[in-house]
Structure formats: structure tokens, C-alpha cells
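# Reading the structure
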Amino acid sequence: MLLGEGPACDPFTGSLYWFDILGKTLCELDPEGGHLTQHALPFLGSVLAVIDDKRQLIASDKGLFLRDSATGTLSPYAAIEDKPQNRSNDGRMHPSGALWIGTMSRTAETGAGAIYHVAGTTVTKLFEGVSIPNGICFSPDGSVGYFNDSKVNHMMRVDLDPQTGLPVSTPTVFIDQSARQSVIDGSVVDLDGTIWNANWDGGAVDRYAPDGRHIERYTVPMRRPTCPAFYGKAFDRLAVTSCWEGLTDEERAVDALAGVTFDLGVTVRGKPEPLFKL
């Protein structure tokens, strides 16, 4: 994958989905049978949320679309923002059934993006002036939200209304990685409130406690892991996407597994992503 992102597991079928954003492709893997299907997209998709056993929601540079799970048919659902120069990036489902989705400039222009809250067809801007939104995830009870701007390299924490997923406080810096050359990228939170964060350009997945303490670092066989997601029959496995965007031919030759989506090889107390409520 040129830019592997947005992994998500469909709880109805067990299929693991992820995107090659720049390759305009949605990948679908049957983890049991090992069969991989690649679905061409007419836009730059980045996040998939499951609605029910027949429908999915996809966030893209063209807005939000409904997708028929069986046929792949797409239909427009709602606009995110009126900025043709932007595309969607990281996002995740809140336990309330609302989606948080980040946008960014196609050229990663500083401050050009934002983070939005989508409840039904109502789209609300939460935070603006974001350059590269990543790491959107939530505590198991939905009372806390996390996100980061990968250009700043701060993981932020904000109190939320668990019933709606809307902020009730001002975000504060939770983890400061501004002194590190590698980047805090996508994250997911397990049932214990542990944050699993992909360390882009650092060749690792970091694990943080709910109080921000660094618990453990898992090295991975590529420089640029991008985002983790729970999958498997018990959602006790962790899939991680990666990318080779920005690597030179020489760097790609050394980083032979760049762009591969892989299993981290640890047992986790994961959970299925909440369903999106229309």
C-alpha cells in the first residue's frame, strides 16, 4: 500500500477492511480463509464505519458515502466540508454511534484541516487549524477522546459527553512527543483503556496507560506503521496498516515490507467498533 490507513473489522462478517488512500482502493481480507479482495474507489477513501449487516459508511475527499456491503454500490450521504483542496484522513467511531473524522490538505498544508463529529447527517466542526489529524480514539465508556496533529506530535485528551461524543472541555496535551523525530500516528483503545499507537517513521507500536504512562514498545518490520485495529473472532488480535509514501527507491529497497498490513502478534483485550447510527 502506498498509504495504508483506516483499518476496521466488520463484526457481522469478521472481514478486515483498510484503505490505500492514495491508491483509491478499499481492501477486504477474510482472516480465516486468507482471501484478499481489492475494491477500486472513485475517491480517496480513508475511514470505514459499519452501519448494519448490509451497509457501511465511508469517509473520503468527496464527503461521506453509503456502501452496500455485498455489491460495493456507493451513494452520497453527506458533505464533510467545502474545501476541494482537502481530503479525509484518520477517524473512528465513538460509542454513542457518532463518527469523528479528520480532514487535511492534500499537500499537508499547516492548519488547513479540522476534526468533525458526524451524528446521523449532522456534521459539526469540533477543532480547526489541524494539519494532519490522526490518533482519533475513545475510552471504552466514551467519556474521553484522544486525537493528535502529527505535525505537532502532541497526543491530546478531551472530556466528552458519553451520550453524544461531543466535547465538554478544552483539549489538553496528554502525551508530548514533539522532541522525537518519529510521529504519533493512528491509535485504538482496548477494554482496559490502554492506548495502542502506531509510531510512524519509528518502526514501532507504542502502548500507553490511561494516565499517559508508556507501558511498552513493540518493534515492527517496517519504518512507517500507520494505524491499528482490533480484529479476529474475539477481537483479541491487532492489525496494523503501514505505508511507503515519501520513501525513496533506495529506502524502499531496504524497507521491503513497507506498505504491508500485518498482525502485531500480541493478544489484546479488544472490542468491536461501535455501529454508526443513521
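For the structure itself, look to the data block above.
Reading the values: rules and limits
Residues numbered from 1 in each chain as written. Predicted model: local features only at pLDDT ≥ 70, side-chain atom pairs only at ≥ 80, totals over all residues. Heavy atoms only, no water. Helix = DSSP H or I, 4+ residues; strand = E, 2+ residues; numbered from the N terminus. Buried < 20%, exposed > 50% of the residue type's maximum accessible area, 1.4 Å probe, protein only. Contact = heavy atoms within 4.5 Å. Areas by Shrake-Rupley, 256 points an atom, 1.4 Å probe, with all protein chains shown as cover. Core = buried A, V, L, I, M, F, W, Y, C linked by side-chain atoms within 4.5 Å. Pairing = 2+ DSSP bridges. Axes fitted to C-alpha atoms, helices over the stretch in contact; angles between N-to-C directions. 1 Å grid on protein atoms, 1.4 Å probe; cavity = no way out; pocket = protein on both sides within 12 Å on 5 of 7 lines; lining within 4 Å. Points joined across faces, edges and corners; volume = space filled by probe spheres on them. Nonpolar A, V, L, I, M, F, W, Y, C, P; charged D, E, K, R; others polar. Phe/Tyr/Trp six-rings, centres within 6.5 Å; stacked < 30°, edge-to-face > 60°. Lys NZ or Arg CZ within 6 Å of the ring centre and 35° of its normal.

Helices and strands together make up the secondary structure of the protein, namely one helix and 23 strands. Along the first, second and third principal axes, the C-alpha set of the protein runs to 45 × 40 × 40 Å. By residue count, 56% of the 278 residues in the protein fall in the buried class. Restricting to contacts in the protein with at least 6 residues of sequence separation, those with at least 24 account for 44%. Carbon together with sulfur atoms contributes 51% to the accessible area of the protein, which is approximately 11,300 Å² in total.

On to unusual backbone geometry. Positioned with a positive phi, K24 is a non-glycine residue whose angle comes to about 50°. Topologically, K24 is positioned in the loop between β2 (16–20) and β3 (25–29). Judged by relative accessible area, which is 39%, K24 ranks as partly exposed. One non-glycine residue, F235, lies in the positive phi region at around 50°. Judged by its relative accessible area of 11%, F235 falls in the buried class.

If you look at the biggest cluster of nonpolar residues, it comprises 20 residues, and the most contacted ones within it are W196 and L264. Those elements that provide at least two residues to this core are β2, β21 (225–231) and β22 (237–242). Setting aside anything within four residues of it in sequence, one finds L264 in contact with W196, V205, Y218, V220, L238 and V240. Of all hydrophobic cores here, the second largest spans 17 residues; its members include A59, L66, Y77 and A78.

With antiparallel pairing, the four strands of this open sheet are ordered in space as β1-β2-β3-β4. Each of the sheet's edge strands pairs with one partner strand only, and the pair in question is β1 (4–9) and β4 (36–40). Sheet twist, expressed as the mean angle between neighbouring strand axes with direction ignored, is 20°. With four bridges connecting them, β1 and β2 associate as antiparallel partners. When the sheet's bridge partners are listed, A8 is paired in β2 with Y17.

Of all six residues that make up strand β5 (residues 45–50), six are buried, and the element is covered over most of its length. Of the strand pairs in this sheet, β5 and strand β6 (residues 55–60) are connected by five bridges, and their pairing is antiparallel. Of the residues in β6, the one forming a bridge with A49 is L57.

Moving on: the layout of surface pockets. What the largest pocket holds in volume is close to 330 Å³. Lining the largest pocket are 21 residues, with L3, M104, I132, W200 and E245 positioned closest to its centre. Secondary structure elements with two or more residues in the lining of the largest pocket: β9 (86–93) and β17 (183–189). Per-class residue counts for the lining of the largest pocket are eight nonpolar, six polar and seven charged.

With that out of the way, let us pick up the packing of aromatic side chains. Overall, the coordinates contain seven aromatic pairs when judged by the stated rule. Ring geometry for F43 versus F65: centroids 4.8 Å apart, planes at 35°, classification tilted. Of this pair, F43 sits in the loop between β4 and β5 while F65 sits in strand β7 (residues 63–68), and the two are 22 residues apart along the sequence. Residue F43 is classed as buried on the basis of its relative accessible area, which comes to 2%. Through a chain of ring-to-ring contacts, three or more aromatic side chains come together here, namely W100, F127, F138 and F147. When the ring centre of W244 is taken as reference, the NZ or CZ atom of R252 above it lies at 3.6 Å.

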